[in-house]
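So you can see what is in the structure, the chains are spelled out below.
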Amino acid sequence: ETGVTQTPRHLVMGMTNKKSLKCEQHLGHNAMYWYKQSAKKPLELMFVYSLEERVENNSVPSRFSPECPNSSHLFLHLHTLQPEDSALYLCASSQAPGPLYNEQFFGPGTRLTVL
Amino acid sequence: AQSVTQLGSHVSVSEGALVLLRCNYSSSVPPYLFWYVQYPNQGLQLLLKYTTGATLVKGINGFEAEFKKSETSFHLTKPSAHMSDAAEYFCAVSEVSQGGSEKLVFGKGTKLTVNP
């Protein structure tokens, strides 16, 4: 595997379910990100991790819980979601935080549908 | 806070025609500007970025963008469209958050269709 991978690629869940999204980067980067991409809305940054420490939490509801066990893996734990949480969730990584000098490499995303 | 406006959610051009995707930004400080492309079923990929210096920036796949401070614009162009350019394009500006970290603020995107 190369670059940034995300699993699953598609997920359908009910509002009472608990599920997790997984992201893995094979680039040796130290920063990882979760973004939410909703139809007709700008891409929204959710969380930023640098060296496994959360450095940004962009006012995300607590039903989204990130976890970064090491610099190569990032999880997004989901519970009691709402239908409006249906979106494409993108993971990205970069050598360090800060987009100016650190290009972000994106995974293909997980398409989440909440029923 | 910074913001980005992309004029036209959909743009359609013929193969071989000029591609022009518009982006205007608002920023209280000198901006750092980016264009990303998203092909179907893929993540975003950096096309080009403007930091300082030359206002005409060249990127991958024959794309370029020009920073015009007086117009607060960073439009993306390509002289001759190719079928493989069909994708969604996102303009973004760099912003420093309240927590002190730097992040990207994206526009809503422009979907480019290339007709044979």
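What counts and how
- Residues numbered from 1 in each chain as written.
- Chains lettered and ligands numbered in written order.
- Predicted model: local features only at pLDDT ≥ 70, side-chain atom pairs only at ≥ 80, totals over all residues.
- Heavy atoms only, no water.
- Helix = DSSP H or I, 4+ residues; strand = E, 2+ residues; numbered from the N terminus.
- Rg over C-alpha atoms; globule rule 2.2 N^0.38 Å.
- Buried < 20%, exposed > 50% of the residue type's maximum accessible area, 1.4 Å probe, protein only.
- Contact = heavy atoms within 4.5 Å.
- Areas by Shrake-Rupley, 256 points an atom, 1.4 Å probe, with all protein chains shown as cover.
- Lys, Arg positive; Asp, Glu negative; His and termini not counted.
- Charge placed at Lys NZ, Arg CZ, Asp CG, Glu CD.
- Disulfide = S-S within 2.5 Å.
- Buried area = accessible area lost by both parts, 1.4 Å probe.
- Polar contact = N/O pair within 3.5 Å; in protein donor to acceptor, adjacent residues only side chain to side chain.
- Nonpolar A, V, L, I, M, F, W, Y, C, P; charged D, E, K, R; others polar.
- pLDDT = per-residue confidence, 0-100.
- Pairing = 2+ DSSP bridges.

### Some points on the overall build of chain A
Then comes step 1: Counting its regular elements, chain A contains zero helices and 11 strands.
Then comes step 2: Mapped in sequence order, the helices and strands of chain A form the string β-β-β-β-β-β-β-β-β-β-β.
Then comes step 3: Expected size for 115 residues packed as a compact globule is a radius of gyration near 13 Å; at 13 Å, chain A falls within 12% of this value.
Then comes step 4: Over its C-alpha atoms, taken along the principal directions, chain A stretches across nearly 40 × 30 × 25 Å.
Then comes step 5: Counting every position in chain A, which comprises 115 residues, the buried fraction comes to 49%.
Then comes step 6: The contacts in chain A between residues at least 6 apart in sequence include a share of 54% that link residues at least 24 apart.
Then comes step 7: Per element, the accessible surface of chain A, about 5300 Å² overall, is 50% carbon and sulfur.
Then comes step 8: Taken together, the 10 basic and 10 acidic charged side chains of chain A have centroids lying 10 Å from each other.

### Some remarks on the state of the cysteines
Then comes step 1: Applying the stated criterion to the full structure yields two disulfides over all chains.
Then comes step 2: Each sulfur of the disulfide joining A:Cys23 and A:Cys91 lies 1.9 Å from the other. For the disulfide bridge between A:Cys23 and A:Cys91, the dihedral angle about the S-S bond is near -75°, and by the sign convention the bridge is left-handed. Of this pair, A:Cys23 sits in strand β3 (residues 18–25) while A:Cys91 sits in strand β9 (residues 87–94), and the two are 68 residues apart along the sequence. The residues A:Cys23 and A:Cys91 share a single accessibility class, namely buried.
Then comes step 3: Between the sulfur atoms of B:Cys23 and its disulfide partner B:Cys91 the distance amounts to 2.0 Å. Here B:Cys23 and B:Cys91 share a disulfide; its torsion about the S-S bond, -65°, makes the bridge left-handed. A residue pair is termed long-range when its members are at least 10 positions apart, and B:Cys23 in the loop between β3 (19–21) and β4 (24–26) and B:Cys91 in strand β10 (residues 87–96) qualify at 68 residues. With respect to burial, B:Cys23 and B:Cys91 carry one shared label: buried.

### Notes on unusual backbone geometry
Then comes step 1: In the segment running from A:Thr7 into A:Pro8, the intervening peptide bond is cis, with an omega of -10°.
Then comes step 2: The backbone of A:Lys40 sits at a positive phi, close to 65°, despite the residue not being glycine.
Then comes step 3: Along the chain, the position of A:Lys40 falls in the loop between β4 (31–37) and β5 (44–50).
Then comes step 4: Its identity as a non-glycine residue notwithstanding, B:Asn41 has a phi of 60°, on the positive side.
Then comes step 5: Among the secondary structure elements, B:Asn41 is positioned in the loop between β5 (33–38) and β6 (44–50).

### Structural notes on the interface of chain A and chain B
Then comes step 1: Each partner contributes residues to the interface: chain A has 22 residues there, and chain B has 21 residues.
Then comes step 2: Buried surface at the junction of chain A and chain B, both sides included, amounts to about 1800 Å², of which 58% is carbon and sulfur.
Then comes step 3: Between chain A and chain B we count three residue pairs in polar contact (both at pLDDT 80 or more) in total.
Then comes step 4: Put simply, the parts of the chain that give the side of chain A that touches chain B at least two residues each are β4, β6 (53–57) and β9 of chain A.
Then comes step 5: Considered class by class, the residues forming the side of chain A that touches chain B number 12 nonpolar, five polar and five charged.

### Section: the confidence of the model for chain B
Then comes step 1: Of all residues in chain B, 97% attain a pLDDT of 70 or more, and the chain-wide mean is 92.
Then comes step 2: Model confidence for chain B, summarised as mean pLDDT per element, is weakest for strand β11 (residues 102–106) of chain B at 86 and strongest for β3(B) at 98.

### Topic: the pairing of strand β8 (residues 64–68) of chain B
Residues and elements named next belong to chain B.
Then comes step 1: Of the two faces of β8, the one holding Ala 65 and Phe 67 is buried and the one holding Glu 64, Glu 66 and Lys 68 is not buried anywhere.
Then comes step 2: Examined bridge by bridge, strand β7 (residues 56–58) and β8 share three bridges and lie antiparallel to one another. If you follow Leu 56 over to β8, its bridge partner there is Glu 66.
Then comes step 3: Between β7 and β8, which pair antiparallel and follow one another directly, the connecting turn spans five residues, one of which, Asn 61, has a positive phi of 60°.
Then comes step 4: Where β8 lies against strand β9 (residues 73–78), five bridges are found, and the strand directions are antiparallel. Residue pairing for β9: Glu 66 is matched across the bridge by His 75.
Then comes step 5: Hairpin geometry of β8 and β9 is characterised by an intervening segment of four residues between the two adjacent antiparallel strands and by a positive phi of about 45° at Thr 72.

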